[in-house]
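# Fold and geometry: a report
Okay, here's what each chain looks like letter by letter:
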Amino acid sequence: MIYFLEDDNNIRNFVIYALNNTGLSATGFGTPSEFWEAMKTEKPELLLLDIMLPEEDGISILKKLRSKSDTKDLPVIMLTAKGTEYDKVVGLDTGADDYVAKPFGTMELISRIKALLRRADRRDLHTEYRRGDLYLCPAKHIIRVDGRDITLTLKEFELLCLLFENEGIVLTRDEILNKVWGYEFDGESRTVDVHIRTLRAKLGDAGKCIETVRGLGYKIGGGND
């Protein structure tokens, strides 16, 4: 089930119709209170979340979701009329897994939704990674540093897994975007850089294993930026 929180009736009804007609089950809500009430009975597989809403803005809602143990890993795509770099960074820094600015193409949105759902379901049951005090288990969605559990967004988690899967190999921003986000870099945002920054901050000293290769991209290396 996909939830769509959007106060514009036309946009909400059109997107819900399009999703249901492509084999995805979706339902919409016009207000945050309706959304929170529905969350009491059923948790969705993915949330489409507008930023500008009555009662409570989308950023506040996202912060609450990320603070709860049962929704901290819920895939969230932010939808908003705002298309500035600042708004993208705020959404991503808060924990959004993707960002789509209005007006958007319906097929592109559906493609991103399906890609995000696939990544959320994809787990290697036998792979574990250790790097100093850092422990990563993709199958169990566990990230620990010095024995302490670390909470990451789905995109941060996928990015960290990708880097470890290619340990020692430099991945360009375009390669990371294609493999983690599933679409080509549009030249407007520094999505990868934002996620690398938040990853390092959450991992603390263990985040030093994520190296910046100037002019190229990032890799898991010896621990110095």
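Here's what I pulled together on the structure shown here. (Residues numbered from 1 in each chain as written. Predicted model: local features only at pLDDT ≥ 70, side-chain atom pairs only at ≥ 80, totals over all residues. Heavy atoms only, no water.)

This next bit is on the packing of aromatic side chains. Each aromatic ring pair is specified by the distance between its two centres and by the angle formed by the two planes. One pass over the structure, following the stated rule, counts 5 aromatic pairs. A centroid spacing of 5.5 Å and a plane angle of 35° characterise the contact between Tyr129 and Phe164, whose relative ring orientation is tilted. Pair noted here: Tyr129 is in strand E6 (residues 129-131) and Phe164 is in helix H6 (residues 154-165), with a separation of 35 residues, a long-range link. With respect to burial, Tyr129 and Phe164 carry one shared label: buried. Here a set of aromatic residues connected by ring pairs shows up, and it is made of Tyr3, Phe29, Phe35 and Trp36. (Phe/Tyr/Trp six-rings, centres within 6.5 Å; stacked < 30°, edge-to-face > 60°. Helix = DSSP H or I, 4+ residues; strand = E, 2+ residues; numbered from the N terminus. Buried < 20%, exposed > 50% of the residue type's maximum accessible area, 1.4 Å probe, protein only.)

The final tally for this structure, using the stated rule, is 14 salt bridges. With its nearest N and O atoms 2.7 Å apart, the salt bridge here joins Lys202 to Glu156. Of the two residues, Lys202 is situated in helix H8 (residues 191-203) and Glu156 in helix H6; the sequence distance between them amounts to 46 residues. (Salt bridge = Lys/Arg side-chain N within 4 Å of Asp/Glu carboxyl O.)

So, on to the packing of helix H7 (residues 173-181) against H8. At a minimum axis separation of 9 Å, H7 and H8 run at an interaxial angle of 80°. Comparing the axis directions of H7 and H8 gives the class roughly perpendicular. Side by side, H7 and H8 meet where Arg173, Ile176, Leu177 and Trp181 of the first sit next to Thr191, Val192, Asp193 and His195 of the second. Partitioning the contact of H7 with H8 into residue classes produces 4 nonpolar, 2 polar and 2 charged. (Axes fitted to C-alpha atoms, helices over the stretch in contact; angles between N-to-C directions. Parallel < 35°, antiparallel > 145°, perpendicular 65-115°, else oblique. Contact = heavy atoms within 4.5 Å. Nonpolar A, V, L, I, M, F, W, Y, C, P; charged D, E, K, R; others polar.)

Time to look at the sheet that holds strand E8 (residues 142-145). Overall, antiparallel pairing links the 4 strands, which are arranged E6-E7-E8-E9 in an open sheet. The open sheet has two edge strands, E6 and strand E9 (148-149), and neither has a second partner. Relative to E8, strand E7 (residues 134-137) runs antiparallel, the two sharing 4 bridges. Residue pairing for E8: Leu136 is matched across the bridge by Ile143. H6 rests against E6, E7 and E8 of the sheet, and its axis sits at about 100° to E7. (Pairing = 2+ DSSP bridges.)

Turning next to helix H2 (residues 32-39). Within H2 the residues assigned to the buried category are Pro32, Phe35, Ala38 and Met39. The buried residues of H2 all sit within an arc of 125° when viewed along its axis, so they share a single face. (Arc of directions from axis to C-beta.)

Before going further, it helps to spend a moment on the state of the cysteines. Every disulfide links exactly two cysteines, by a covalent bond between their sulfur atoms. All chains considered together, the criterion is met by 0 disulfides. With no disulfide of its own, Cys137 lies 9.1 Å from the sulfur of Cys161, the closest cysteine sulfur. You can call Cys137 buried: its relative accessible area is 3%. (Disulfide = S-S within 2.5 Å.)

This part covers the side chain of His141. Following the sequence through the fold, His141 ends up in the loop between E7 and E8. In this structure the side chain of His141 is engaged in a polar contact, spanning 3.5 Å, whose partner is the side chain of Asp73. (Polar contact = N/O pair within 3.5 Å; in protein donor to acceptor, adjacent residues only side chain to side chain.)

With that settled, consider the sheet that holds strand E10 (residues 171-172). The strand order across the open sheet formed by 3 strands is E10-E12-E11, and the pairing between neighbours is antiparallel. Across the chains shown, the open sheet's two edge strands, defined by having one partner strand only, are E10 and strand E11 (210-213). Two strands pair when backbone bridges link them, and E10 and strand E12 (residues 217-220) are joined in this way by 2 bridges, in the antiparallel orientation. What sits directly across from Thr172, in E12, is Gly217.

All right, on to the side chain of Lys102 then. Residue placement: Lys102 occurs in the loop between strand E5 (98-101) and helix H5 (106-121). A distance of 2.6 Å separates the side chain of Lys102 from the side chain of Glu6, its partner in a polar contact. Polar contacts involving the side chain of Lys102 include one to the side chain of Asp50, which spans 3.5 Å.

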